[in-house]
Amino acid sequence: HTLYSLMVRIDLSDGIDLDFSSDRIEIKCDYPGVPEDGTNLAARAADLFFKTSGIKNTGVVISIDKQIPPGGGLGGGSSNAATVLNALNRNYQNPFSTGELQALGLKLGADVPFFIMGAPALATGIGDRLDPFPHLMPWTVLLVYPNEAVSTAWVYKNLNLRLTKDEKELSKFHFDGRFFNVDEHLVNDLEAVTARAFPVIKGIKRLLLAHGAAGAMMSGSGSTVFGLFADPERANSVCTALCDNQQNNNWTLYVADLLI
């Protein structure tokens, strides 16, 4: 699938520690459901790095302190893979340029090159083209994860743009040289697909807007929904209110800043 997506990092992150004392690739993570074998995207990133670079007879133990919920549409696995690629490249005296590292990352996932780059960007093509996007305000983001893991592959498999395409049809012309506008630019074609299977997404959006968010939308393929707040104190007070609501006790909430 080709993409047209504005991508921005936030200051919610997993902790990654690399130990080079092992002669093989190992994953350590005690978060439920996170694989500790070669299927983990961080392990695949290390394997790809060693095979492509030709570095032999070495390994790495990758310890992951998971903070980003898996299956939440927040790019946790992809950002971990990018972190591992960047760290290995530095450790072995940069055998790959940034562009070459991004090409490696693209083999692992469409958003891995963005996390290697790091800065806000418009991602187009299959995620291989990244154009810097400096026109962002410092929004505070309130994220609500309803503890429903979503398979990205399932969402794309069920995507039919003729049925789900939002009335806001975006193109680079709409962004060129302009600041991000919540009313005009906040759109996610994947949301309609995921929300059919997880109706809680629409309920969270309504709740965030009712509590003063300037805009609300599902992140990536879901199921996390985020609200944008101009006032950090308001975002924190809404977070507290929703956390105190017993009806929402299965949700996990985070307040984060954009890394711009």
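The structure under discussion appears in the preceding block.
The shown structure was predicted, so the numbers you read here are calculated from the model rather than taken from an experiment.

### Concerning the pattern of salt bridges
Then, number 1: Here the structure, examined in full by the defined rule, presents 5 salt bridges.
Then, number 2: For Asp14, the salt bridge is made with Lys66, and the minimal N-O distance between the two is 2.6 Å. Taken as a pair, Asp14 in the loop between strand E1 (3–7) and strand E2 (15–19) and Lys66 in the loop between strand E4 (60–65) and helix H2 (76–91) lie far apart in primary sequence, 52 residues in all.
Then, number 3: Judged by relative accessible area, Asp14 falls into the buried class, the value being 11%.
Then, number 4: Given a relative accessible area of 11%, Lys66 falls into the buried group.
Then, number 5: A salt bridge links Glu26 to Arg24; the shortest N-O distance between them is 3.7 Å.

### Overview of the sheet that holds strand E7 (residues 140–145)
Then, number 1: With antiparallel pairing, the 4 strands of this open sheet are ordered in space as E8-E9-E7-E10. In the strand order of this sheet, the two ends are held by strand E8 (215–218) and strand E10 (252–257), each with one partner. Adjacent strand axes in the sheet meet at a mean angle of 20°, parallel and antiparallel pairs treated alike.
Then, number 2: Across 5 bridges, E7 lies against strand E9 (residues 225–229) in antiparallel orientation.

### Side note on unusual backbone geometry
Then, number 1: Here Gly222 and Ser223 are connected by a cis peptide whose omega angle stands at 15°.
Then, number 2: Mapped onto the elements of the fold, Ser223 is located in the loop between E8 and E9.
Then, number 3: At Asn57, a position not held by glycine, the phi torsion is positive, near 55°.
Then, number 4: The class of Asn57 is exposed, set by a relative accessible area of 81%.
Then, number 5: One non-glycine residue, Asn94, lies in positive phi territory at about 55°.
Then, number 6: When you line up the elements, Asn94 lands in the loop between H2 and helix H3 (98–106).
Then, number 7: Given the relative accessible area of 48%, Asn94 is considered partly exposed.

Conventions we followed
- Residues numbered from 1 in each chain as written.
- Predicted model: local features only at pLDDT ≥ 70, side-chain atom pairs only at ≥ 80, totals over all residues.
- Heavy atoms only, no water.
- Salt bridge = Lys/Arg side-chain N within 4 Å of Asp/Glu carboxyl O.
- Helix = DSSP H or I, 4+ residues; strand = E, 2+ residues; numbered from the N terminus.
- Buried < 20%, exposed > 50% of the residue type's maximum accessible area, 1.4 Å probe, protein only.
- Pairing = 2+ DSSP bridges.
- Axes fitted to C-alpha atoms, helices over the stretch in contact; angles between N-to-C directions.

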